[in-house]
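Per-entry structural report
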Amino acid sequence: NAGVTQTPKFQVLKTGQSMTLQCAQDMNHNSMYWYRQDPGMGLRLIYYSASEGTTDKGEVPNGYNVSRLNKREFSLRLESAAPSQTSVYFCAGSTQGGNTEAFFGQGTRLTVV
Amino acid sequence: GENVEQHPSTLSVQEGDSAVIKCTYSDSASNYFPWYKQELGKRPQLIIDIRSNVGEKKDQRIAVTLNKTAKHFSLHITETQPEDSAVYFCAATPPLDDMRFGAGTRLTVKP
């Protein structure tokens, strides 16, 4: 089993460019999440999807959009990248909401110049 | 939403000593409290969790305690080893809600 897989692992964008981070899981998770990790600030929730067809904003949603394409896939889109979005992004999945173990992808290191 | 505070932000101990990391949460409805370990350059992974109907849980050298009245919970690592060096995150989750993490504690175990 691959678990939770993110692509790409590294990306450099110019300010104003757009891109989509992909996440796929083969663990039959109902819930999926996108977090960003910045030094000293822990893991901050951007968006989550409690189940297929639903998405909700987290703590820091501004500048991002998400799509829960199907049960397996949950993508994160930056429409117009800004230097403040330089971060490490983690996708995660869990069986049922935040009350069960979250399994994380390997992370995407994004730099916006 | 839930707000989780974690202390200390950095912790340095000698090999063999104990380490304690503390977290407080704001939402009294939270009922699930996991701890994740993140080694340098890797993804966070669950090391232990506790639910609100339990006051303490142990797994070999690690233990977690929960005080629901005070709304705080702690991670205890005994007989620390260099491989325990990592960033540790606590989290708290109300029922049917998303998971909110603390800011993390960087633990360094000196040989």
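Residues numbered from 1 in each chain as written. Chains lettered and ligands numbered in written order. Predicted model: local features only at pLDDT ≥ 70, side-chain atom pairs only at ≥ 80, totals over all residues. Heavy atoms only, no water.

1. Focus on the sheet that holds strand β7 (residues 62-67) of chain B
Residues and elements named next belong to chain B. Across the sheet, which stays open at both edges, the five strands sit in the order β1-β3-β8-β7-β6 with antiparallel pairing between neighbours. Edge positions in the open sheet fall to β1 (4-7) and β6 (56-59), since each of these has one partner strand only. Averaged over all pairs of adjacent strands, the angle between their axes in this sheet comes to 15 degrees, without regard to strand direction. With four bridges connecting them, β1 and strand β3 (residues 19-25) associate as antiparallel partners. (Pairing = 2+ DSSP bridges. Helix = DSSP H or I, 4+ residues; strand = E, 2+ residues; numbered from the N terminus. Axes fitted to C-alpha atoms, helices over the stretch in contact; angles between N-to-C directions.)

2. Observations regarding the packing of aromatic side chains
All names here are of chain B. Within this structure, the stated rule accounts for 14 aromatic pairs over all chains. Relative to Phe 101, the ring of Phe 89 has its centre 6.4 Å away and its plane inclined at 85 degrees; by these criteria the two rings are edge-to-face. Residue Phe 89 is located in strand β9 (residues 86-92), and its partner Phe 101 is located in strand β10 (residues 100-101); the two are separated by 12 residues in the primary sequence. Phe 101 gets classed as buried once you look at its relative accessible area, which sits at 7%. (Phe/Tyr/Trp six-rings, centres within 6.5 Å; stacked < 30°, edge-to-face > 60°. Buried < 20%, exposed > 50% of the residue type's maximum accessible area, 1.4 Å probe, protein only.)

3. Section: the interface of chain A and chain B
At the interface, 22 residues of chain A touch 20 residues of chain B. For the pair chain A and chain B, the two sides together bury roughly 1700 Å², of which 53% comes from carbon and sulfur. The largest per-residue losses of area from chain A upon contact with chain B belong to Leu 43, Asn 99 and Phe 104 of chain A, which jointly make up 34% of the total buried on that side. Where chain A packs against chain B, one counts zero salt bridges. Of all the elements in the fold, those that place two or more residues in the side of chain A that touches chain B are β4 (31-38), β5 (42-49) and β10 (102-104) of chain A. (Contact = heavy atoms within 4.5 Å. Buried area = accessible area lost by both parts, 1.4 Å probe. Salt bridge = Lys/Arg side-chain N within 4 Å of Asp/Glu carboxyl O.)

4. What to know about the side chain of Ser 75 of chain A
Residues and elements named next belong to chain A. Assignment of secondary structure puts Ser 75 in strand β8 (residues 74-78). Residue Ser 75 is classed as buried on the basis of its relative accessible area, which comes to 7%. The residues contacting Ser 75, other than those within four sequence positions of it, are Thr 20, Leu 21, Gln 22, Trp 34, Asn 65, Val 66, Ser 67 and Leu 69.

5. Section: the state of the cysteines
All names here are of chain B. Under the criterion given, the structure shown has two disulfides over all chains. The disulfide partner of Cys 23 is Cys 90, and the S-S distance across this bridge is 1.9 Å. Between Cys 23 and Cys 90 the sulfur-sulfur dihedral comes to about -100 degrees; the bridge is accordingly left-handed. Of this pair, Cys 23 sits in strand β3 while Cys 90 sits in strand β9, and the two are 67 residues apart along the sequence. (Disulfide = S-S within 2.5 Å.)

6. Overview of the nonpolar core
Core analysis: the largest hydrophobic core is formed by 23 residues, its most contacted members being Phe 33, Trp 35, Phe 73, Leu 75, Ile 77, Tyr 88 and Leu 107 of chain B. Put simply, the parts of the chain that give this core at least two residues each are β2 (10-14), β3, β4 (32-38), β5 (45-51), β7, β8 (72-77), β9 and β11 (105-110) of chain B. Ranked by size, the runner-up nonpolar core spans 19 residues in total, among them Val 4, Met 32, Phe 74 and Leu 78 of chain A. (Core = buried A, V, L, I, M, F, W, Y, C linked by side-chain atoms within 4.5 Å.)

7. Some remarks on the pairing of strand β11 (residues 108-112) of chain A
Residue and element names in this part refer to chain A. The side-chain alternation of β11 yields one buried face, formed by Thr 108, Leu 110 and Val 112, and one unburied face, formed by Arg 109 and Thr 111. In terms of strand pairing, strand β2 (residues 10-13) meets β11 through four bridges, oriented parallel. Within β11, the position partnered with Leu 13 by the bridge is Val 112. For strand β9 (residues 87-94) and β11, the ladder comprises three bridges, and the chain directions are antiparallel.

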